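An overview of the molecular structure
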Amino acid sequence: MVKRIIDLRSDTVTKPTEAMIAAAANADVDDDVLGYDPTASRFEAEMAKISGKEAALFVPSGTMANLISVLVHCEVRGSEVIFGDNCHINIYENGGISTIGNVHSRTVKNNSDGTMDIDLIEAAIRDPQGDLYYPSTRLICLENTHANVGGRCITAEYTDKVGELAKKHGVKLHIDGARIFNASTALGVPVHRLVQAADSVSICLSKGLGAPIGSVIVGSKNFIAKAKILRKTLGGGMRQVGFICAPAYVALQENVRKLEGDHKKAKIFADGLNRISGLRVDKSSVETNMVFFDILEDSHIMVDQLCKILKEHGVLMMPVSTSSIRIVLHHQITESDVQYAISCTQQAILQLQSERNGK
Ligand SMILES: Cc1ncc(COP(=O)(O)O)c(C=O)c1O
């Protein structure tokens, strides 16, 4: 039986720390749906302050945070949102904005750094003169860090340009900032500056920050008031919600400063994998806590076989295609875990190669 488990599938797999459990157990709670929970209110006020917005709302998940945000911006029937073809909302959120919100989406190609060309975004904005035929563009979404391109950071300057474009055309800007603290750490730019141009941001607490549950939406007071109603509609109004905000508050206080270390471990991991014959990492894409690595075609190694052997050694990784694997670092992965996982990967590759040669 394997004792040492190194779970690199995602930064969502962290276990609550003792401090988080203690904070939950001792949280001062009330009924948030009836109007007020002191711990939730304190936490929301802190998140609003960090992001430089007027107000914040705690919600159960990042998916709900994005869904509510898009629906508030697109409350008029016939609304359309523009976002990258490779973004989380487009791919992994069950198409909720259309199935639940009746919002039409228009995708623009994501570049390998997670941006979209500004002129392509502009070209995708519908001409209001054609509103007899076209849906109405009401929103543009960015994702920072951009998960599917390897956790790459979107700069404040780029975001500002998209914000200017949005203003010029009278549309809103939402940022899926599930890992905005990772971006802030890697770029050395405060969160409030990174999201200055945005009308709303969704921020996950249960990813890089390591809280067990939750996300927040930040925006203007008016926006958050509407978001609160939609949260209730979607079943996301929670009673003694301070019980889960308290560990998230600990995550905020204790884990933001650990992100730099996670990014360093990701780079060490990438270097280690690049030394293994048959594997390749584009090191320039490793900006935060994610590493995507490719299995070279002439190595004849199957992703599923490699992940299966690694699992037998207690090392868990996530296949993302038939030729690539994703690993995500978090605060509960040590440098020794990284070295161990690299060496298991090396051994697994050797095992697969010798099995192939023995055929
Ligand atoms: C970029 C991004 N946005 C949103 C989400 C959705 O978060 P949740 O899993 O909490 O619904 C994720 C989840 O991995 C994500 O990576």
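Rules behind the numbers
Residues numbered from 1 in each chain as written. Predicted model: local features only at pLDDT ≥ 70, side-chain atom pairs only at ≥ 80, totals over all residues. Near = placed C-beta within 6 Å. Helix = DSSP H or I, 4+ residues; strand = E, 2+ residues; numbered from the N terminus. Nonpolar A, V, L, I, M, F, W, Y, C, P; charged D, E, K, R; others polar. Axes fitted to C-alpha atoms, helices over the stretch in contact; angles between N-to-C directions. Parallel < 35°, antiparallel > 145°, perpendicular 65-115°, else oblique. Left-handed = near helix turned anticlockwise from the far one by under 90°. Contact = placed C-beta atoms within 7 Å. UniProt positions renumbered as here; feature names shortened; annotations may be inferred. Domains from an automatic or database assignment. Expected span 1.5 Å × (residues − 1). Buried ≥ 20, exposed ≤ 12 C-beta atoms within 10 Å, placed from the backbone.

1. Observations regarding the site of the ligand
- Close contacts around the ligand come from S61, G62, T63, N66, H88, E143, A147, D176, A178, C204, S206 and S215, and that covers them all.
- Considering each element in turn, the shell around the ligand owes the most residues, 3 residues, to helix α3 (residues 62–73).
- Partitioning the shell around the ligand into residue classes produces 3 nonpolar, 7 polar and 2 charged.

2. So, the packing of helix α12 (residues 259–274) against helix α14 (residues 335–357)
- Where α12 contacts α14, the axes come no closer than 10 Å and their chain directions differ by 20°. By the angle between their axes, α12 is roughly parallel relative to α14. Once α12 is placed against α14, the crossing between them reads as right-handed. Contacts from K265, I268, F269, G272 and L273 of α12 reach α14 at E335, V338, I342 and T345.
- Looking at side-chain class alone, the contact of α12 with α14 contains 5 nonpolar, 2 polar and 2 charged residues.

3. Some remarks on the UniProt feature "domain: Aromatic amino acid beta-eliminating lyase/threonine aldolase" (unreviewed entry) in the chain
- The UniProt record marks residues 7–294 with the feature "domain: Aromatic amino acid beta-eliminating lyase/threonine aldolase" (unreviewed entry), using the residue numbering of this structure.
- A distance of 19 Å separates the end C-alpha atoms of residues 7–294, which is 41% helix and 17% strand.

4. Concerning the domain arrangement of the chain
- Structurally, the chain comprises domain 1 (18–254) and domain 2 (258–358).
- The straight-line distance from the C-alpha centre of domain 1 to that of domain 2 is 30 Å.
- On the side of domain 2, 13 residues touch domain 1, which itself brings 14 residues to the contact.
- The residue makeup of the side of domain 1 that touches domain 2, split by class, is 5 nonpolar, 7 polar and 2 charged.

5. What to know about α14
- Given a rise of 1.5 Å per residue, 23 residues ought to cover 33 Å, and the 33 Å separating the end C-alpha atoms of α14 matches this to within 8%.
- All of the buried residues along α14 are D337, V338, A341, T345, A348, I349 and L352.
- Residues of α14 that are buried make contact with β1 (6–7), α12, α13 (303–312) and β11 (315–316).

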